[in-house]
Protein chains: 2
Amino acid sequence: MDGRKRVVIERVSPEIDCGRFPIKRVVGETVTVRADVFGDGHDAISARLLYRKEGEDSWSEILMAPLGNDRWEAGFIVTELGSWHYTVRGGIDHFATWRGDLEKKFKAGTKLAVDRQIGAELIDKAAQRAGGEEQERLLEMARRIRDAGADADALPLAQSSELAQLMAEHAGSDLTTTYEKELEVVVERREALFSAWYELFPRSCCTGSGSHGTFRDCERFLPLIAEAGFDVVYFPPIHPIGRTNRKGKNNAPIAEEEDPGSPWAIGSAEGGHKAIHPALGTLEDFDRFIAKAGEYELQVAIDIAFQCSPDHPYVREHPEWFRWRPDGTVQYAENPPKKYEDIIPFDFESAEWHSLREELRSVFLFWIERGVSIFRVDNPHTKPFPFWEWVIREVKREHPDVIFLSEAFTRPKVMYRLAKLGFSQSYTYFSWRNTRWELEQYMRELTGSEVREFFRPNFWPNTPDILPEILQYGGRPAFAVRFLLAATLSASYGIYGPPFELMVADPLPGREEYLNSEKYEVRCWDWDDPRSMRELISSVNRIRRENPALQTTWNVRFCETDNDNIICYLKMSEDRSNCLLIAVNLDPFNSQEGNVRLPLEELGTSAGHPFLVHDLLSDERQIWHGELNRVALDVRAVPGRIWQLRPRLRRENDFDYYM
Amino acid sequence: MDGRKRVVIERVSPEIDCGRFPIKRVVGETVTVRADVFGDGHDAISARLLYRKEGEDSWSEILMAPLGNDRWEAGFIVTELGSWHYTVRGGIDHFATWRGDLEKKFKAGTKLAVDRQIGAELIDKAAQRAGGEEQERLLEMARRIRDAGADADALPLAQSSELAQLMAEHAGSDLTTTYEKELEVVVERREALFSAWYELFPRSCCTGSGSHGTFRDCERFLPLIAEAGFDVVYFPPIHPIGRTNRKGKNNAPIAEEEDPGSPWAIGSAEGGHKAIHPALGTLEDFDRFIAKAGEYELQVAIDIAFQCSPDHPYVREHPEWFRWRPDGTVQYAENPPKKYEDIIPFDFESAEWHSLREELRSVFLFWIERGVSIFRVDNPHTKPFPFWEWVIREVKREHPDVIFLSEAFTRPKVMYRLAKLGFSQSYTYFSWRNTRWELEQYMRELTGSEVREFFRPNFWPNTPDILPEILQYGGRPAFAVRFLLAATLSASYGIYGPPFELMVADPLPGREEYLNSEKYEVRCWDWDDPRSMRELISSVNRIRRENPALQTTWNVRFCETDNDNIICYLKMSEDRSNCLLIAVNLDPFNSQEGNVRLPLEELGTSAGHPFLVHDLLSDERQIWHGELNRVALDVRAVPGRIWQLRPRLRRENDFDYYM
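Owing to the predicted nature of the structure, the values given are computational and were not obtained by experimental measurement.

Participant: Kindly report on the side chain of Ser517 of chain B, identifying the contributing residues and their values.
Facilitator: Residue and element names in this part refer to chain B. Looking at where Ser517 falls in the secondary structure, it is placed in the loop between helix H15 (497–501) and helix H16 (534–546). Ser517 sits in the buried class, given a relative accessible area of 5%. Sequence-distant contacts of Ser517, that is, excluding residues within four places in its chain, are made with Asn250 and Pro464.

Spelled out as structure tokens, the structure:
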């Protein structure tokens, strides 16, 4: 290394695990880069952020701004899908050093003839690198600085922004330091950050008689789901279901003849991961469903569960992909003492792991061919990390628009590792975070730490596997509270649709699981039940679409309240033009009220300046004017508020706000 | 990469800047390594710490212990000087997984014949890797587990620690993951962490008449310095001093004929960085001084200031190492508007940087040849970082015992970078940290963060450049307070000796600098002055030598007090056998008292159990027995206490403590 490279670059951020993993963004988001950049001694330095889209030959450069304490910052917006790269470059700025010293010496009354000559030489040198008019201009300025009649005459020219700009452009140096790593950003489409999911079992889209629903039947419900403002319709596995060791109702070890089995016990004589369950229809019916959904601007997500029923064709055709026991049986899934006899895991330690992973990749590609571009991946934490890193990169190389949702309900480090490896979104612990402290603390972990760079949460108040205690006992207020929180804390959220809308709350005794779960039987939901939550859900989804502040997860800012049952947070769009204040009563059993403290300074206002608050749910308006504001949340009505604030009175006519 | 490697390793600690820099230890210290180690699914894993001294062919291995939340820990002691390396390895532990599942299935009443067969196969496989008796033993245990008459008979054997041990040793796997980096520890000698420095200007070791002192004169003071308990005698530069632009008394721009000049204006016709100032004596006198110091177990540190007077032979012989101005003059040091006309910096951006750095390395080697192995390096922050990294590595490769102290009083990130590059110790901001909050906060930064891995502080209450305000106004109590803090907060500390002992406090008006500084003139100190602080200094140095708790910097633990003028901290040796409690009155103008809260639990005792506290300074003893204890610190006496605590009553006879 050239010992004359005097500037060092440290602590570049964001940088995940020393650059081992990319950060994530969606199109249109900003990457704000910070770094410690400094040299020895007292010379001025300059720092630049370099970035480019993969495949571009040369870097774009932006000067970084000093934040103090040797830290520098600049940002760039990612405008296209795919991989981008960034790094930092820094060097001694000899021209700026000279100019600064010249000013100080002039003030101290030092004679500057020799210093002017030194500066003129720097400028002459830059002129050699410039061309045409700029060269002329630099040479002229060098001459005028060198030959000025008096020191005072040279100073304004030395300090001119024209010269500064020309020198920034042409006074390049061979002795700059470029950070040793090029860091990566994977840019995905906007839906990876902002979307509302609606999960339903297609077999339960029945025609009233309790018979097995089909894709054709499902089409009937698309207008309802679209009107309620959802973006994604997500189906549990749609493949043939095994017969051997099929589970009965409520996970009974022995199924009755008419039991349909768990959709996650994939594969039968009718086919495996690339086939459609005959009772749902044909591949053509599926294609047609996707097209119909598209007419309603709904996207279809399917479930990818890499496991087999004992009847899956793979078991016969590729015994090498499974683990066989000494008694000649194939090893089923277990987590002792729990047994999943209807499911056989792949043996990822198989000597034939190469052919296995090729086959699994082809499953994704098969469904992508048919128009699916969102995959909810079942239990990714029970398959090896290297597999996911490989398969997601492979798929996204050709299909950068594909979104992967990780259904990893497991230990935090495992969940974060899967996110680093490439999953676009992940399930979270939200389902079990109920108190104000728990929610605030969890949101701080997700949005206030490095985690935000690679882990995008998708908040689910319920799933076919999870009926949380609060929903079992909290009644309608609990469903409303959990829905409001999910839909306003996280830009991506989902509900396991019909049971949520209908507030189904019967658990397996003592468990956080559904009684008579759809996982093991066909349920026929009454989509026209007047008690449905659909109206609140539709309102909130409409508010999400109309308010950019709710279309990102990273901008949550909690406000102090004097009642722990009330959680309150601000969400502001980056340009601050859209500002929402959300307050939710976390107690589903009692009405609650309390004072909320607004950070007036951050809102660009101050005490005594009245401003309008407009509850987008109830359409009620109030005028507030101070830091502390009273909030009353009636548990019998909607137990939350989504106020739009317009606190910019100081910059405009006070009367504008009452128009 | 093999897709079957299922275990990942993350967040290895300590690891500085992604392994770019080594951590530091002294011989006998422990390196405690932590890492996140985890795999997919539910299988048991094992994690090992690997370490070796540079040059050793194979790793030593230790099993890491789980700390919970997928974090693992193990440690090793570094026993020799030089570079060591460590890394982490992890893998699925199929045997432990099998054994755990077997236990759970047994409890659930599952039939285990097939499972026993699977386990026996695992053991057979390990037997193939083992030899001799161990092979026999493994084969036998496999057979007994396979062929047991009943499941219950096999279980105790499967769970036996003998089998666990043999399997840990022989059930190796090709599918373990080794962390991608080998991290480095630079191990230095103990004095890099624990030493008391005494700085003096050899020319001021005068014989009473105010004449220029010599090394021979200095010998007279060695017994005093040794008796006071110091380890290192440190001399400012001992080289010939330039004539051109020599500074006069109090940094006057024009020197009088008799002014000796600043020792940092190095070089004259008599020689440069490898010569001795003729007025101090000869090289042989210097050799003799080092030998004499050795007789008193004192080491001699010299100052390396890489800069020249205009008269330095380098300027004539190597003009290419300096920056020349258009008027034909050489550029002197400046930090506008300040000028240092007697000093010329090297031009480290010179095209001849290679020959320059070779020469500067030879300066270190020259003095190492003469027996110097501690260097205080002047202003390292004004020379390029790559130079220091190179030169320190070069020197330490052959001389791993050499200690470098960085005199970098500059911005925090620059100071820390120099430490990372290889400096053994550094000056600090201690000189300006006076309040309890400042001191606690700074100690937390130094000892409670990653900084402790690479930055060893050396605390100086004063230096020839710094006479802090508190010493100017605080009188004897201020000197005592600052001394007690330096010598007990940091295992390495130093004083600029004679002026500190004699409490010299006259500043340049309005500055934190000495009036009539020794930097520009010979001062004759009265070493027999009865007001000297030497008695307190000697006591504290004796206590430091007798108490291992004071021989490391990393073990400080602050205690709550209800008077902000009293700072109080515990220091405990690693084995807790040596436990000191230090309380200091930070207010040099008033006596202070207050309550100190002891963390009884950490001390291994509880409220109501009396224990002896013995002030090692005053030899007073008290018996305490609760959490809150009254402390009164008289500003007219010694304004601090160093209590030895023996709070282990619960484990021994209560009366033992009063013996």
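Now that the structure has been shown, the text picks up again.
Participant: Before we move on, can you summarise the pairing of strand E12 (residues 232–235) of chain A with the specific residues and values?
Facilitator: All names here are of chain A. Of the two faces of E12, the one carrying Val232 and Tyr234 and the one carrying Val233 and Phe235 are both buried. Pairing geometry for strand E11 (residues 195–199) and E12, over three bridges, is parallel. Each bridged residue has a counterpart across the sheet, and for Tyr198 the counterpart in E12 is Val233. Each parallel crossover has a hand, and for E12 linked through helix H8 (residues 283–295) to strand E13 (residues 299–304) it is right-handed.

Participant: Summarise helix H15 (residues 475–489) of chain A; cite the residues concerned and give the values.
Facilitator: In this model H15 of chain A runs 21 Å from its N-terminal to its C-terminal C-alpha over 15 residues, within 8% of the 21 Å that 1.5 Å per residue would give. With respect to burial, H15 of chain A is a largely interior element, 13 of its 15 residues being buried.

Participant: Outline the pattern of salt bridges, supporting the account with residue identities and numerical values.
Facilitator: Scanning all chains against the criterion turns up 124 salt bridges over all chains. Here Glu162 of chain A and Arg137 of chain A are joined by a salt bridge, their closest N and O atoms 2.5 Å apart. A residue pair is termed long-range when its members are at least 10 positions apart, and Glu162 of chain A in helix H5 (residues 161–170) and Arg137 of chain A in helix H3 (residues 132–147) qualify at 25 residues. In this structure Glu162 of chain A comes out as partly exposed when scored by relative accessible area, which is 32%. With a shortest N-O distance of 3.2 Å, Lys274 of chain B and Glu359 of chain B are connected by a salt bridge. Of this pair, Lys274 of chain B sits in the loop between strand E12 (232–235) and helix H8 (283–295) while Glu359 of chain B sits in helix H10 (residues 353–369); the two residues are 85 residues apart in sequence, bridging distant segments of the chain.

Participant: A description of the relation of the copies chain B and chain A should follow, citing residues and the corresponding values.
Facilitator: For these two chains of identical sequence, chain B goes onto chain A by a turn of 180° and a shift of 0.0 Å along the axis, with RMSD 0.1 Å. Accordingly, the operation relating the two chain copies is best matched by a two-fold axis. Taking C-alpha positions as the reference, the residue of chain B nearest the rotation axis is Cys18 of chain B, at 2.9 Å. Take the interface residues of chain B: 100% of them recur as interface residues in chain A, which is what a same-surface contact looks like.

Participant: Please set out the domain arrangement of chain A residue by residue, giving values where relevant.
Facilitator: Residues and elements named next belong to chain A. Under the domain assignment used here, chain A contains domain 1 (1–92), domain 2 (95–181), domain 3 (196–318 + 347–550) and domain 4 (556–658). Its C-alpha centre places domain 3 at a distance of 34 Å from the equivalent point of domain 4. Facing 28 residues of domain 3, the contacting portion of domain 4 comprises 27 residues. The junction of domain 3 with domain 4 conceals about 2200 Å² of combined surface from both sides, 73% of it contributed by carbon and sulfur atoms. Inspection of the region where domain 3 meets domain 4 yields one salt bridge. Taken together, the connections running from domain 3 to domain 4 amount to six residue pairs in polar contact (both at pLDDT 80 or more). Listing elements by their share of the side of domain 3 that touches domain 4, those giving two or more residues are helix H13 (436–447), helix H14 (469–473), H15 and helix H17 (534–546). With eight residues, the top contributor of residues to the side of domain 3 that touches domain 4 is H15.

Participant: Break down unusual backbone geometry for me, citing the residues and quoting the values.
Facilitator: All names here are of chain A. At the junction of Pro336 and Pro337, the peptide bond is cis and its omega measures out at 0° in the coordinates. Position of Pro337 relative to the elements: it lies in the loop between strand E15 (333–335) and strand E16 (338–340). Residue Glu297 is not a glycine yet carries a positive backbone phi of 55°. Topologically, Glu297 is positioned in the loop between H8 and E13. Here the phi dihedral of Asn516 falls at roughly 50°; this positive angle occurs in a residue that is not glycine.

Participant: Outline the interface of chain B and chain A, listing residues and values.
Facilitator: Note: interface size is frequently given as the accessible area lost on complex formation between the parts. Taken together, the 62 residues of chain B in the interface contact 62 residues of chain A. Buried area between chain B and chain A, both sides added, is near 5300 Å², and the carbon and sulfur share of it is 56%. The largest contributions to the chain B side of the interface with chain A come from Arg4, Glu349 and Lys413 of chain B, which together make up 14% of the buried area. At the junction of chain B with chain A, the criterion picks out 14 salt bridges. Here Arg325 of chain B makes a salt bridge to Asp115 of chain A, at a shortest N to O gap of 3.8 Å. On the surface where chain B and chain A come into contact, there are 18 residue pairs in polar contact (both at pLDDT 80 or more). Listed by contribution, the elements that provide at least two residues to the side of chain B that touches chain A are strand E1 (7–13), strand E3 (30–39), helix H1 (94–107), helix H2 (113–129), strand E15 (333–335), helix H11 (385–398) and helix H12 (412–421) of chain B.

Participant: So what's going on with the environment of Leu138 of chain A? Which residues, and what values?
Facilitator: Residues and elements named next belong to chain A. Mapped onto the elements, Leu138 comes out in helix H3. As a C-alpha pair, Leu138 and Arg482 span 344 residues in sequence and 65 Å in three-dimensional space. Each residue touching Leu138, except ones within four places of it in the same chain, is listed here: Ile123, Ala126, Ala127, Ala130, Leu163, Leu166, Met167 and His170.

Participant: Give me the lowdown on a negative patch on the surface, citing residues and values where you can.
Facilitator: All names here are of chain A. Residues Glu133, Glu134, Glu136 and Glu169 make up a contiguous surface patch of negative charge. Ranked by residue count, the leading element in the negative patch is H3, at three residues. One can find Glu133 in helix H3.

Participant: Quick one: what's the story with empty space enclosed by the protein, residue by residue and with numbers?
Facilitator: Residues and elements named next belong to chain B. Tallied over the full model, the rule gives nine cavities of 30 Å³ or more. Roughly 80 Å³ of internal volume is contained in the largest cavity. Phe201, Pro202, Arg203, His212, Pro236, Pro237, His239, Ile241, Pro263, His277 and Leu280 together form the lining of the largest cavity. Considered class by class, the residues forming the lining of the largest cavity number seven nonpolar, three polar and one charged.

Participant: Provide a residue-level description of the packing of aromatic side chains, including the pertinent values.
Facilitator: Within a pair of aromatic rings, the relevant descriptors are the distance that separates the centres and the angle that separates the planes. Residues and elements named next belong to chain A. Counted under the stated rule, the structure contains 94 aromatic pairs over all chains. Arranged with centres 4.3 Å apart and planes meeting at 10°, the rings of Tyr51 and Phe76 form a pair that is stacked. You can see Tyr51 sitting in strand E4 (residues 45–53) and its partner Phe76 sitting in strand E7 (residues 71–77), a full 25 residues away along the chain. Phe76 sits in the buried class, given a relative accessible area of 2%. Pairing Phe364 with Phe404 gives two aromatic rings, centres 5.3 Å apart and planes at 75°, and the pair type is edge-to-face.

Participant: Describe H5 of chain A, with residues and values.
Facilitator: Residue and element names in this part refer to chain A. For H5, the complete set of buried residues consists of Leu163, Leu166, Met167 and His170. One side of H5 carries all its buried residues, which in axial view fall inside an arc of 100°. Across H5 from its buried face, at more than 90 degrees, point the exposed residues Ser161, Gln165 and Glu169. In this fold, the buried residues of H5 make contact with helix H1 (94–107), helix H2 (113–129), H3 and helix H4 (151–158).

Participant: Before we move on, could you go through the packing of H2 of chain A against H5 of chain A and cite the residues and values that matter?
Facilitator: All names here are of chain A. The N-to-C vectors of H2 and H5 enclose an angle of 60°; their axes lie 9 Å apart at closest approach. Taken as axis vectors, H2 and H5 run oblique relative to one another. Considering only the axes of H2 and H5, their crossing is left-handed. Packed against H2, whose contacting residues are Leu122, Ile123, Ala126 and Arg129, the element H5 presents Leu163, Met167 and His170 at the interface.

Participant: Help me get a handle on the sheet that holds E12 of chain A, residues and values and all.
Facilitator: All names here are of chain A. Taken together, seven strands build an open sheet; the order of strands is E20-E19-E18-E13-E12-E11-E21 and the sheet is parallel. Every interior strand has two partners, whereas the edge strands, strand E20 (425–426) and strand E21 (492–496), have only one. Summarising the sheet, E13 and strand E18 (residues 374–378) pair through four bridges and their orientation is parallel. Looking at the pairing, Ile304 lines up with Val377 of E18.

What counts, and where the lines are drawn
Residues numbered from 1 in each chain as written. Chains lettered and ligands numbered in written order. Predicted model: local features only at pLDDT ≥ 70, side-chain atom pairs only at ≥ 80, totals over all residues. Heavy atoms only, no water. Helix = DSSP H or I, 4+ residues; strand = E, 2+ residues; numbered from the N terminus. Buried < 20%, exposed > 50% of the residue type's maximum accessible area, 1.4 Å probe, protein only. Contact = heavy atoms within 4.5 Å. Pairing = 2+ DSSP bridges. Right-handed = clockwise from strand over helix to strand, strands pointing away. Expected span 1.5 Å × (residues − 1). Salt bridge = Lys/Arg side-chain N within 4 Å of Asp/Glu carboxyl O. Least-squares fit on C-alpha atoms with pLDDT ≥ 70 in both. Domains from an automatic or database assignment. Buried area = accessible area lost by both parts, 1.4 Å probe. Polar contact = N/O pair within 3.5 Å; in protein donor to acceptor, adjacent residues only side chain to side chain. Patch = residues over 30% accessible without salt bridge, like charges linked within 9 Å, V, L, I, M, F, W, Y side chains within 5 Å. Areas by Shrake-Rupley, 256 points an atom, 1.4 Å probe, with all protein chains shown as cover. Lys, Arg positive; Asp, Glu negative; His and termini not counted. Charge placed at Lys NZ, Arg CZ, Asp CG, Glu CD. 1 Å grid on protein atoms, 1.4 Å probe; cavity = no way out; pocket = protein on both sides within 12 Å on 5 of 7 lines; lining within 4 Å. Points joined across faces, edges and corners; volume = space filled by probe spheres on them. Nonpolar A, V, L, I, M, F, W, Y, C, P; charged D, E, K, R; others polar. Phe/Tyr/Trp six-rings, centres within 6.5 Å; stacked < 30°, edge-to-face > 60°. Arc of directions from axis to C-beta. Axes fitted to C-alpha atoms, helices over the stretch in contact; angles between N-to-C directions. Parallel < 35°, antiparallel > 145°, perpendicular 65-115°, else oblique. Left-handed = near helix turned anticlockwise from the far one by under 90°.

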